[in-house]
Amino acid sequence: MTDQRVLITGSAGVVGTLMRPRLKREGRVLRLLDLAPQAAAADASEEIVTASVTDPAAMAEACEGVDALIHLGGHSRENTWEATLDVNINGTQTVLAAAQAAGIRRVILASSNHAVGFRRVDSDLPADSSPRPDTYYGVSKAAIEALGSLYHSRFGMDVIVIRIGSCFETPLPLGPRGLQTWLSPDDGARLFEACLSAPSPGYRLIWGVSDNTRRIYSLEEAEALGYKSLDDAEVYAEQLASKPAPTGPAAEYVGGPFCTAPLGVFNPL
């Protein structure tokens, strides 16, 4: 039986580091691409590629023999427009072009709630809500969503875009807002597995969050692909009770504090 080879870009980042052990499966090889140094597992279940998503030749080589691609690579916070354009937008186009040329049929793109950051907080916000970005970072995520749609429509690739809320070991670093946005690492792995295995999804936009008691995002679209959340940020509510709740735009809009953060300047969570 031929192993399934899954390429993960940005594998040394926060989400990539959390997903790496959770996506290991018998009969699957993870090809892990990042600029940061990484050590491969002792067995043959991992392959390490040190490269940038902005390098066409490196991406073409990395995509050879790959069955599915999970694209996590890019700046994960606000940055200058030039850096955001180069890495997040041009980098994603480079990745998709390499995937298409290599015949990869399944692509999963990591987008963000910041692509719709200026939508008002409401219950069951549809996953395909049109973009209302809150930062240059949010604009870049809206752009990669559009690129994913283009590559599906032009080339028939199955492209699933995940608008991730916040994926950390716990929601505690985010304060009370994390009780709405958290995607637990285990739920994250369940979601990626659903995206990898769903038959002929076409182009989909889905939310990447756990089934949190206080969530404001619809899970209907993700559940249609087979996702089942088993975690809830509410178990951390008592630990967050003493933290100040967001006020003003941070409370009114999906993007939280990103909505008032200076454009082009690295920002905290």
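Residues numbered from 1 in each chain as written. Predicted model: local features only at pLDDT ≥ 70, side-chain atom pairs only at ≥ 80, totals over all residues. Heavy atoms only, no water.

## Topic: unusual backbone geometry
With a phi close to 55°, Asp-124 is a non-glycine residue in the positive phi region. Positive phi is not limited to glycine here, since Ser-200 has a value of about 45°. Tracing the backbone through its elements, the reader meets Ser-200 in the loop between α6 (185–197) and β7 (203–208). (Helix = DSSP H or I, 4+ residues; strand = E, 2+ residues; numbered from the N terminus.)

## Here's the deal with the pattern of salt bridges
One pass over the full model with this rule turns up 14 salt bridges. For Asp-186, the salt bridge identified is with Arg-22, shortest N-O distance 2.7 Å. With a gap of 164 residues between them, Asp-186 in helix α6 and Arg-22 in helix α1 (residues 14–22) connect regions that are remote in the sequence. Salt bridges sharing common partners tie together Arg-5, Arg-31 and Glu-47. (Salt bridge = Lys/Arg side-chain N within 4 Å of Asp/Glu carboxyl O.)

## Digging into the pairing of strand β6 (residues 158–164)
Buried residues dominate β6, accounting for 7 of its 7 residues. Of the two faces of β6, the one lined by Asp-158, Ile-160, Ile-162 and Ile-164 and the one lined by Val-159, Val-161 and Arg-163 are each fully buried. In this sheet, β6 lies alongside strand β5 (residues 106–112) in parallel orientation, the contact comprising 7 bridges. Across the sheet, residue Arg-106 finds its bridge partner in β6, namely Asp-158. What joins β5 to β6 is helix α4 (residues 136–155), and the crossover it makes is right-handed. Across 6 bridges, β6 lies against β7 in parallel orientation. (Buried < 20%, exposed > 50% of the residue type's maximum accessible area, 1.4 Å probe, protein only. Pairing = 2+ DSSP bridges. Right-handed = clockwise from strand over helix to strand, strands pointing away.)

## What about the packing of helix α3 (residues 81–102) against α4?
Packing of α3 against α4 brings their axes to within 10 Å, and their N-to-C directions diverge by 15°. Between α3 and α4, the crossing angle belongs to the class labelled roughly parallel. Crossing of α3 against α4: the hand is right-handed. Across from Trp-81, Thr-84, Asn-88, Ile-89, Thr-92, Gln-93, Leu-96, Ala-97 and Gln-100 in α3, the residues of α4 making contact are Tyr-136, Tyr-137, Val-139, Ser-140, Ala-143, Ile-144, Leu-147, Gly-148, Tyr-151 and Phe-155. Each residue belonging to the contact of α3 with α4 can be placed in one class, and the counts come to 12 nonpolar, 7 polar and no charged. (Axes fitted to C-alpha atoms, helices over the stretch in contact; angles between N-to-C directions. Parallel < 35°, antiparallel > 145°, perpendicular 65-115°, else oblique. Left-handed = near helix turned anticlockwise from the far one by under 90°. Contact = heavy atoms within 4.5 Å. Nonpolar A, V, L, I, M, F, W, Y, C, P; charged D, E, K, R; others polar.)

## Here we look at α1
When α1 is considered as a whole, its buried residues turn out to be Val-15, Gly-16, Leu-18, Met-19 and Arg-20. In the core, the buried residues of α1 are packed alongside β2 (28–34), β3 (46–50) and α6.

## Digging into the packing of aromatic side chains
Across all of its chains, the model carries 6 aromatic pairs by this definition. Seen from their ring centres, Phe-118 and Tyr-253 are 5.2 Å apart, and the 70° between their planes marks the pair as edge-to-face. Of this pair, Phe-118 sits in the loop between β5 and α4 while Tyr-253 sits in the segment after α9 (249–252), and the two are 135 residues apart along the sequence. Here Phe-118 falls in the partly exposed class, since its relative accessible area comes to 27%. Ring geometry for Tyr-137 and Phe-258: centres 6.3 Å apart, planes at 55°, overall tilted. (Phe/Tyr/Trp six-rings, centres within 6.5 Å; stacked < 30°, edge-to-face > 60°.)

## Quick look at the layout of surface pockets
When its volume is computed, the largest pocket comes out at roughly 750 Å³. What lines the largest pocket is a set of 35 residues, and nearest its centre among them are Leu-72, Gly-74, His-75, Ser-76 and Tyr-137. Those elements that provide at least two residues to the lining of the largest pocket are α1, β2, β5 and α4. Classifying every residue of the lining of the largest pocket by side-chain character gives 17 nonpolar, 14 polar and 4 charged. Its volume calculated, the second largest pocket comes out at about 150 Å³. As for the second largest pocket, its lining consists of 14 residues, of which Pro-176, Arg-177, Gln-180, Pro-246 and Ala-251 are closest to the centre. For the lining of the second largest pocket, the secondary-structure elements that each account for two or more residues are α5 (178–181) and α9. (1 Å grid on protein atoms, 1.4 Å probe; cavity = no way out; pocket = protein on both sides within 12 Å on 5 of 7 lines; lining within 4 Å. Points joined across faces, edges and corners; volume = space filled by probe spheres on them.)

Remember that the coordinates give geometry; whether it matters functionally is a separate question.
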